[in-house]
Amino acid sequence: MYESWLRCQKQNINPLHNKAAISLSKEQIEEYMQTELHYPILKPMLLQLKNQSIDTGHLITFCNSSGDIVYLDGDVSLMLKAEDMNFVIGSSWAENKAGTNAIGTSLVTGSPMQVFAGEHFCQEVQKWTCSAAPIRDPATQKILGVMNMTGLWRAYHPHSLSAVISAARTVEQELYKQLEQERFRLTEYYSDLLASSAKTPFLILDRGCKVIHASPMLYIEGWIDANDCLAGAPPAPFPLTSRMQWEVEHRRGFWRFELSPYIYGGNPIGAIVYVFPPNVIKPVLNESTLVSLPIEKEVESAMGDIAVKTSVKSDAFYKSLFEDNPSAIICYDLHGNILEVNPAVERLVGYTIEELQNTNIESLILPEYVEKRVDHFAKVRMGKPQEIDIAVRHKNGHTIDVRIHYFPMFDQHEIIGVYGIAKDITKHKQIEEDLKSTKEQLDLYLKNTVDSIVVLDLQFKVIKVNQAFERMFGWTEQEVIGGELPTIPDFLLDEFSRLQREIVNSRHVTSYETVRQRKDGSLLDVSTFMSPLSDTQGNVIAFVAILRDITERKRMEEALKEKEKQLRTLINAMPDSVCFKDGEGRWVEANDCCLRTFQLENIPFQGKRDSELAETAPFFRTALWQCEESDNKVWEQGSTVRLEEIIPQPDGECKVFDVSKVPLFDSDGRRKGIVVISRDITELKRTEELLRKSDKLSVVGQLAAGVAHEIRNPLTSIRGFIQFIKEGNYKEEYFHMILSELDRIQSVVNEFLVLAKPQAINFQPRELTSLLNQVVELLKTEAIMNDVQIEVEFERTFLIVNCEENQLKQVFINILKNAIEAMPNGGEIKIQLQQQQNAVSIRFIDQGDGIDEDRIQKLGEPFYTTKEKGTGLGLMISYKIVQAHRGSMKINSQKNRGTTVEIMLPIE
């Protein structure tokens, strides 16, 4: 990266202050995706890399050869974060624009590059780690672009660079396959030219300007060097998209070269170069240079020979060459209008020359080929020769398949028209289709798979293997061709012989798993696919075997079985009951504890619902029916539910279980299954009951002390007043004082009775907003009398809590009364209701004088109160009730700023 920084300095780029800029527009990116030959191969690999790294916190990008991002995908939130440093579609990350970074450095060095966050010289990039790998065109060895994985520094993965390199190599392999297919197309064309008995020496160039075939004479004359390059060619890389000519002085004089692009699928994949020795033409130039020469008419003879271009001035010669040519020739202007046709066209389509000249040629072409012909014609007008197979309608009404070669016509370096040479290929069409079908099948088996492929003849001798076979088994193709398949271990020879007989007799595709042997003697597990190959008449001509190495899969299966065994041992050893059910509620798996709970140890439970198992275990019929009903409610709710279930036992005891039910769903929301985990908490419940009794005794002790303290003072006053009356000091107000003190004693006793009275708690689902409205309505009059307004703010209007309604009302009444009494001069009380995940918050906010912080901690203790005549028992009871409802209560207060009481309760 230091070298990258130095390069930036030389270009006056300050990485610490530089920021990537947008270089490409949306339209330019779309054009790149549509026109670049490698992009259709690249995109699936980018998607695959994204899917593989979707949970790793990385963005997947591809930059073109200039460093501009043309593809970016990944987590949306991470993409938004990347926008902070302008890491977006269209931005340029070349070193001379964005400074030091993995993408730019990989472009410069041509090597994979991983740059950690702290290694960047760019401030904006120092939070990110990048792994980049270049992709080269196997034809030209040029870097097509850079594949990149980018993530925040904390998401660093040790194998991210390996993943990018692997993906880039895969793309290059696919590009090489594409290049091989292009070379195959060029080879076919070369074979066609040889078959046409052409006399002019020629050679075939691929897209990288490499010679892949040439006339022997050109090798003898030294025109093809050791690197398979054309000696004397224009400086590389020269374009292969248009016709060109040049001359080179060599040995006996000047040699002339004429290059014609070879277009396939709308793209130039190579070129045909015709070579004219000095004895054929006169030299035009005395030095090796690129020239453009006037091109006279170029026609094709009956055998397809290219007539040597020469300055023949005889009009009769040209007329004979055109009119007497057995191939149909049509000349068009640039608008597609027919200028001239030769008599062979009349023989081909049945129309006279005059009729054709007055006819729109597109009316003769079948409708499904019209658009295709228009597209090809447009490309020819751009200087790109085209070949097209279409169907035309003969004057008599029948259809003819025609192959037309379109060529541009030049005059003084300008295209002035188009001529086409057409041949009737109706008879050969079916043969070509049959050959194409067979060839595509072979291509499918041999080229379009990474699996090992072996082609066997009818005697099961090897006639072809692919490179994957060589890599998988170690034998080269030359070592195995013509012999028996060497991968069959000795102990499986009889099995393979039986398989051969079955395939020959049945002629059906056979798939099986077996063991095969490598050259070094080691064995591997393979999945084998055997298929017969047939010709157009249905005769079997060969057999194809596709083998996939499944050794790793087998190992993983064994490991998975071992893990499953360990997991089952662990689950069975658990003291908890565990049961797995499918989306229909049928039992799939259950551990020993679960089976013992329902006494199902000797009953085949798998595939049965609870209701079906209830028939086989009558004692637990009710419990199993309740389980099925509970499962359905959990699925309807769609989230994990925890509840308590009581299951009677044959010995008369009732066991209490703490049950957790987890529903499982597919991505489309359909039920997938449910997991039920339950624990016997019978003893725990008993212990809790003892603790509650102990707690009550403790509370009674506190209450006794409080009652003694609270009652002693009024009793002392009563005793004093009675003593005064006994001594004859009779006054009417003494009786009022005595009654007041007795009322105070009665109040204390009533509070004590409420606390001490056993409460039968019966929890039921209740709607919380309705319950709160009832309490507000109950205390509304008292609030009005104290000039207090009660305002409710309910976020939701339908919240269900499992509660004892009267006890919860008692809590709300106690808190609301405290709030009213805390505001003797009036004010406002807010009641807020909000849902917080699986709980509900109820807040009571008043505008009273507030409570000192040191006094808040003592609230809830018996007989501790902030009121002049309070006992403290009401708040204590409220705490106990909330705890019994599995909730919590908090009191926040500031002096002179009011008090907030918040109650949290679980919701259903």
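The model shown is predicted, which means the values in this text are computed figures rather than measured ones.

Engineer: Got a minute to help me understand the overall build of the protein in this structure?
Structural biologist: Broken down by element type, the protein carries 26 helices and 33 strands. In the protein, which comprises 908 residues, the proportion classed as buried is 42%. Intrachain contacts of the protein at a sequence separation of at least 6 include 53% that bridge at least 24 residues.

Engineer: Looking at this model, I keep getting lost on the UniProt feature "coiled-coil region" (unreviewed entry) in the protein. Mind explaining?
Structural biologist: Feature annotation in UniProt assigns "coiled-coil region" (unreviewed entry) to the following positions: residues 546-573. Along residues 546-573 the backbone is 82% helical and 14% strand, and the end-to-end C-alpha distance reaches 45 Å.

Engineer: Would you explain the pairing of strand E22 (residues 577-582) in this entry?
Structural biologist: Within a regular beta strand, the side chains point alternately toward one face of the sheet and then the other, so they alternate between its two faces. Burial runs high along E22: five of the six residues are buried. With six bridges joining them, E22 and strand E26 (residues 671-680) adopt antiparallel strand pairing. Note that in E26 the partner of Lys581 across the bridge is Ile674. Sheet topology note: the E22/strand E23 (residues 587-590) ladder contains three bridges and is antiparallel. Bridge pairing in E23 places Phe580 opposite Glu589.

Engineer: Help me out: how do you make sense of the sheet that holds strand E3 (residues 113-115) in this one?
Structural biologist: Sheet strands associate in pairs through backbone hydrogen bonding, adopting either a parallel or an antiparallel arrangement. Sheet architecture is open: five strands sit in the order E2-E1-E5-E4-E3, paired in antiparallel fashion. Two strands lie at the open edges of the sheet, namely strand E2 (69-73) and E3, each paired on one side alone. Direction aside, neighbouring strands of the sheet carry axes that sit 15 degrees apart on average. Its contacts with the sheet place helix H7 (residues 160-195) against strand E1 (58-64), E3, strand E4 (128-136) and strand E5 (143-152), and it is angled at close to 20 degrees to E4.

Engineer: Would you explain the sheet that holds strand E32 (residues 888-894) in this entry?
Structural biologist: Taken in spatial order, the five strands make up an open sheet running E28-E30-E31-E33-E32, and their pairing is mixed. In this open sheet, the two strands that pair with only one neighbour each are strand E28 (788-794) and E32. Along the sheet, successive strands turn relative to each other by an average axial angle of 15 degrees, direction set aside. Bridge analysis of strand E31 (residues 839-845) against strand E33 (residues 898-906) gives seven bridges, and the strand direction is antiparallel.

Engineer: Help me understand the environment of Glu777 in this model?
Structural biologist: With respect to the helices and strands, Glu777 occurs in helix H23 (residues 768-785). Placed 13 residues apart in sequence, Glu777 and Ile790 show a C-alpha to C-alpha distance of 9.8 Å.

Engineer: Sorry, what's going on with helix H12 (residues 367-381) here?
Structural biologist: Taking 1.5 Å per residue, 15 residues should reach 21 Å; H12 reaches 22 Å between its end C-alpha atoms and fits that length. Those residues of H12 lying buried are Arg373, His376, Phe377 and Val380. Down the axis, H12 shows its buried residues gathered within 105 degrees of arc, on one side only. Among the residues trailing H12, Gly383 stands out with phi positive, at a value near 95 degrees.

Engineer: What am I meant to see in the nonpolar core here?
Structural biologist: In a soluble, globular protein the nonpolar side chains are often hidden away together inside. If you look at the biggest cluster of nonpolar residues, it comprises 36 residues, and the most contacted ones within it are Leu768, Leu772, Phe812, Val840, Ile842, Phe844 and Ile903. Mapped onto this core, the elements with two or more residues apiece are H23, strand E29 (800-803), helix H24 (805-821), strand E30 (827-836), E31, helix H26 (873-884), E32 and E33. Considering each element in turn, this core owes the most residues, eight residues, to H24. The contacts of Ile842, once residues within four sequence positions are left out, are Leu768, Leu772, Ile831, Gln832, Leu833, Val901, Glu902, Ile903 and Leu905.

Engineer: Looking at this structure, how should I read the packing of H23 against H24?
Structural biologist: Each packed pair of helices is defined by two parameters, the angle between the axes and the distance between the axes. Between H23 and H24, the least distance of the axes is 10 Å, while the angle of their chain directions is 40 degrees. Relative to H24, H23 is oriented oblique. Crossing of H23 against H24: the hand is right-handed. Here Leu768, Leu771, Leu772, Gln774, Val775, Val776, Leu778, Leu779, Glu782 and Ala783 of H23 lie close against H24, whose contacting residues are Glu805, Leu808, Lys809, Phe812, Ile813, Leu816, Lys817 and Ile820. In terms of residue class, the contact of H23 with H24 is made up of 13 nonpolar, one polar and four charged.

Engineer: In this structure, what is going on with the packing of aromatic side chains? I would like to understand it.
Structural biologist: When we look at a pair of aromatic rings, we describe it by the centre distance and by the angle of the planes. Using the criterion set out here, one finds 20 aromatic pairs in the structure. Pairing Trp587 with Phe605 gives two aromatic rings, centres 5.9 Å apart and planes at 65 degrees, and the pair type is edge-to-face. Separated by 18 residues along the polypeptide, Trp587 in strand E23 and Phe605 in the loop between helix H18 (592-597) and helix H19 (610-616) bring together distant segments of the chain. Judged on exposure class, the residue Trp587 and its partner Phe605 are both buried. Ring plane angle 80 degrees and centroid distance 5.8 Å describe the contact between Phe598 and Phe620, whose orientation is recorded as edge-to-face.

Engineer: Looking at this structure, how should I read the pattern of salt bridges?
Structural biologist: Opposite charge on two side chains permits them to pair, given that their charged atoms come into close proximity. All told, the structure shown has 37 salt bridges when counted by the stated rule. Residues Asp389 and Arg403 are paired through a salt bridge, measuring 2.8 Å at the closest nitrogen-oxygen approach. With Asp389 in strand E14 (residues 386-393) and Arg403 in strand E15 (residues 399-411), this residue pair connects regions lying 14 residues apart in the sequence. Here Asp389 falls in the buried class, since its relative accessible area comes to 19%. Arg518 is the salt-bridge partner of Asp549, the closest N and O atoms lying 4.0 Å from each other. Pair noted here: Asp549 is in strand E21 (residues 540-549) and Arg518 is in the loop between strand E19 (510-517) and strand E20 (523-534), with a separation of 31 residues, a long-range link. On the basis of relative accessibility, which here comes to 23%, the residue Arg518 falls in the partly exposed class. In this structure, a network of salt bridges that share partners links the residues Lys581, Asp610, Asp631, Glu645 and Lys661.

Engineer: Just checking my understanding: could you explain the environment of His508 for this structure?
Structural biologist: As for its placement among the helices and strands, His508 is situated in the loop between helix H16 (493-506) and E19. Judged by its relative accessible area of 53%, His508 falls in the exposed class. Each C-alpha atom of the pair His508 and Pro532 lies 7.1 Å from the other, and the pair is 24 residues apart in sequence. Non-local contacts of His508, meaning those with residues more than four positions away in its chain, are made with Ile503, Met530 and Pro532.

Cut-offs and rules
Residues numbered from 1 in each chain as written. Predicted model: local features only at pLDDT ≥ 70, side-chain atom pairs only at ≥ 80, totals over all residues. Heavy atoms only, no water. Helix = DSSP H or I, 4+ residues; strand = E, 2+ residues; numbered from the N terminus. Buried < 20%, exposed > 50% of the residue type's maximum accessible area, 1.4 Å probe, protein only. Contact = heavy atoms within 4.5 Å. UniProt positions renumbered as here; feature names shortened; annotations may be inferred. Pairing = 2+ DSSP bridges. Axes fitted to C-alpha atoms, helices over the stretch in contact; angles between N-to-C directions. Expected span 1.5 Å × (residues − 1). Arc of directions from axis to C-beta. Core = buried A, V, L, I, M, F, W, Y, C linked by side-chain atoms within 4.5 Å. Parallel < 35°, antiparallel > 145°, perpendicular 65-115°, else oblique. Left-handed = near helix turned anticlockwise from the far one by under 90°. Nonpolar A, V, L, I, M, F, W, Y, C, P; charged D, E, K, R; others polar. Phe/Tyr/Trp six-rings, centres within 6.5 Å; stacked < 30°, edge-to-face > 60°. Salt bridge = Lys/Arg side-chain N within 4 Å of Asp/Glu carboxyl O.

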